[in-house]
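Structure at a glance
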Amino acid sequence: MSTQPVSRRARPAKAPLSRDVIVRTGLKILDRDGLEALTMRRVAKELDTGPASLYVYVAHRDDLMAAMLDEALGQVRPPAEGTWREQLRALIAAAVEAMSRHEGLAAVALGAIPTGDNVLLVLDRMLALLKDAGLDDTAAAWAVDLLWLHTAAAATEESAYHTKGSDEESTIAAADRRYAALPADRYPMITSLRQALFSPGDRDTWALEVLINGILHTPTR
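The following paragraphs examine the structure supplied in this document. (Residues numbered from 1 in each chain as written. Predicted model: local features only at pLDDT ≥ 70, side-chain atom pairs only at ≥ 80, totals over all residues. Heavy atoms only, no water.)

Each helix and strand counted, the protein chain has twelve helices and zero strands in total. Counting helices and strands in the order they occur from the N terminus, the protein chain gives α-α-α-α-α-α-α-α-α-α-α-α. The globule rule puts the C-alpha radius of gyration for 221 residues at 17 Å, and the 23 Å found for the protein chain is more than 25% above it. Along the longest, intermediate and shortest principal axes, the C-alpha atoms of the protein chain span 80 × 50 × 30 Å. The buried share of the protein chain, reckoned over its 221 residues, is 31%. (Helix = DSSP H or I, 4+ residues; strand = E, 2+ residues; numbered from the N terminus. Rg over C-alpha atoms; globule rule 2.2 N^0.38 Å. Buried < 20%, exposed > 50% of the residue type's maximum accessible area, 1.4 Å probe, protein only.)

Okay, here's the thing in structure tokens:
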């Protein structure tokens with residue numbers, strides 16, 4: 001039985017490259033293999049092409065990560081019912097959930113000015129809700145910046161549990177044991193308030209309410 005070389009024309013045609021294809025492939029690698037595995041070379045290999053061909057569509061890895069973040073935020077559906085405050089809380093919660101599903105993406109949101117189509121839709125809706133709250137233009141603009149930082153930080157923390165297999169209860173228990181062993185003469189406030197520091201409760205909602213209430217009652221200067 002002879003084995004003749006297979007003509008390239010007989011192979012299945014590769015899907016044409018595009019920015020969207022590269023971004024979706026990057027997300028697949030990130031979710032399957034982790035952040036360290038996400039390189040331009042790895043994405044190119046997954047797409048059966050050379051790394052140089054990717055640079056036609058993405059400038060570098062950071063550009064790819066920003067595009068992947070925007071792709072993830074495309075899953076956010078702004079709420080349509082409730083008061084402006086209820087809608088704002090729901091919108092932020094949805095953005096946190098979308099970013100925290102993928103390792104490392106929330107950190108991208110912390111380190112850059114948002115420019116992607118989907119993230120701008122989220123911010124535009126935030127601004128509309130803040131204007132519904134009666135804020136002037138400057139206060140709304142400053143407030144959305146603060147709320148986006150909170151969203152990205154909350155998603156970064158949540159991502160540690162979503163993507164790294166960490167158990168929140170065991171992590172807190174380990175920290176509690178560490179605090180319990182601290183010398184009271186050196187850390188008097190931490191040791192005296194240790195129970196309060198680890199007390200249960202909906203801290204995420206409380207933190208967001210602190211921000212919203214502060215925004216409403218703090219004039220811009």
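On to helix 4 (residues 61-73). Look at helix 4: 18 Å from first C-alpha to last across 13 residues, which is about the 18 Å you get at 1.5 Å a residue. Those residues of helix 4 lying buried are Asp63, Leu64, Met65, Ala67, Met68, Leu69, Asp70, Ala72 and Leu73. (Expected span 1.5 Å × (residues − 1).)

Helix length check: helix 12 (residues 203-217), at 15 residues, gives a terminal C-alpha distance of 21 Å against a target of 21 Å (1.5 Å per residue), a fit within 8%. What helix 12 keeps buried is the set Leu208, Glu209, Ile212 and Ile215. Buried residues of helix 12 fall within an arc of 130° about the axis and therefore sit on the same side. Opposite the buried face of helix 12, at more than 90 degrees from it, the exposed residues are Trp206 and His217. (Arc of directions from axis to C-beta.)

Moving on, we get to the environment of aspartate 136. Secondary-structure assignment places aspartate 136 in the loop between helix 7 (117-132) and helix 8 (137-163). Since its relative accessible area comes to 42%, aspartate 136 is described here as partly exposed. On a C-alpha basis, the gap between aspartate 136 and methionine 40 in space is 44 Å, while along the polypeptide they are 96 residues apart. At 3.1 Å, the side chain of aspartate 136 and the backbone nitrogen of threonine 138 are in polar contact. A distance of 2.7 Å separates the side chain of aspartate 136 from the backbone nitrogen of alanine 139, its partner in a polar contact. (Polar contact = N/O pair within 3.5 Å; in protein donor to acceptor, adjacent residues only side chain to side chain.)

Glancing now at a nonpolar patch on the surface. Together, Tyr179, Met189, Ile190, Leu193 and Leu197 give the surface a local cluster of nonpolar side chains, amounting to about 420 Å² of exposed area. With respect to the helices and strands, leucine 193 occurs in the loop between helix 10 (188-192) and helix 11 (194-197). (Patch = residues over 30% accessible without salt bridge, like charges linked within 9 Å, V, L, I, M, F, W, Y side chains within 5 Å. Areas by Shrake-Rupley, 256 points an atom, 1.4 Å probe, with all protein chains shown as cover. Salt bridge = Lys/Arg side-chain N within 4 Å of Asp/Glu carboxyl O.)

Time to look at the nonpolar core. Of all hydrophobic cores here, the largest spans 52 residues; its most connected members are Leu64, Met68, Leu73, Met126 and Trp148. Of all elements in the fold, only helix 1 (19-33), helix 2 (40-46), helix 4, helix 5 (84-100), helix 6 (105-110), helix 7, helix 8 and helix 12 reach the threshold of two or more residues within this core. Excluding residues that lie within four positions of it along the chain, methionine 68 makes contacts with Val23, Gly26, Leu27, Leu30, Leu38 and Leu105. (Core = buried A, V, L, I, M, F, W, Y, C linked by side-chain atoms within 4.5 Å. Contact = heavy atoms within 4.5 Å.)

Glancing now at unusual backbone geometry. Phi is positive for aspartate 48, close to 55°, though the residue is something other than glycine. Structurally, aspartate 48 can be placed in the loop between helix 2 and helix 3 (51-54). Given a relative accessible area of 53%, aspartate 48 falls into the exposed group.

Okay, the pattern of salt bridges next. Scanning the entire structure with this criterion turns up ten salt bridges. Glutamate 97 serves as the salt-bridge partner of arginine 101, at 3.4 Å between the closest nitrogen and oxygen. Taking the relative accessible area as the measure of exposure, arginine 101 reaches 41% and is therefore partly exposed.

This part is about the environment of leucine 127. Counting through the fold element by element, leucine 127 comes out in helix 7. Among the residues examined, leucine 127 registers a relative accessible area of 29% and is labelled partly exposed. As for leucine 127 and leucine 88, which are separated by 39 residues in sequence, their C-alpha atoms are 9.6 Å apart. Leucine 127 has contacts with Ala140, Ala141 and Val144, leaving out every residue within four places of it along the chain.

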